[in-house]
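Overview (structure and organization)
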Amino acid sequence: MSAKLTAKLGNSIAVDTPSHKTTHATYGVWRLKHTGKSYWLHQNCTTTPERTVVSYSPFRIGWYLWES
C-alpha cells in the first residue's frame, strides 16, 4: 500500500483572538498509526513468532490551532 499527501504553504486563515491571549497555529499532514501482528503459518500447522507491525497512513491536512 502506498499513499502520498502533500501539505502546501501559502494557506491562510483568520482567527479572532481574545484579549490577553495568543493564538498559535501549525499546518501539516496528520497521520493515523496502525498496529497489528504478523506471523507465518506453515503447512505442518506451526507458526513463526509473532511480530508487531506498525504503519502510518495520511489522515487529514489542515490547521491545528490553540490559545495560550
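Residues numbered from 1 in each chain as written. Predicted model: local features only at pLDDT ≥ 70, side-chain atom pairs only at ≥ 80, totals over all residues. Heavy atoms only, no water.

**Re the side chain of Ser57**
With respect to the secondary-structure elements, Ser57 resides in strand E2 (residues 51–67). In terms of polar contacts, Ser57 uses its side chain to reach the side chain of His34, at 2.8 Å. (Helix = DSSP H or I, 4+ residues; strand = E, 2+ residues; numbered from the N terminus. Polar contact = N/O pair within 3.5 Å; in protein donor to acceptor, adjacent residues only side chain to side chain.)

**As for the environment of Gly62**
In this structure, Gly62 sits in strand E2. Note: C-alpha distance between Gly62 and Tyr27 (35 residues apart in sequence) is 5.5 Å. Dropping the residues within four chain positions of it, Gly62 is found in contact with Thr26, Tyr27, Gly28 and Trp30. (Contact = heavy atoms within 4.5 Å.)

**Remarks on unusual backbone geometry**
Positive phi values are uncommon outside glycine, yet His20 reaches one of about 65°. Note that His20 resides in the segment before strand E1 (23–38). Here Cys45, not a glycine, exhibits a phi torsion of approximately 70°, which is positive. As for its placement among the helices and strands, Cys45 is situated in the loop between E1 and E2.

Keep in mind these numbers describe shape, not what the thing actually does.
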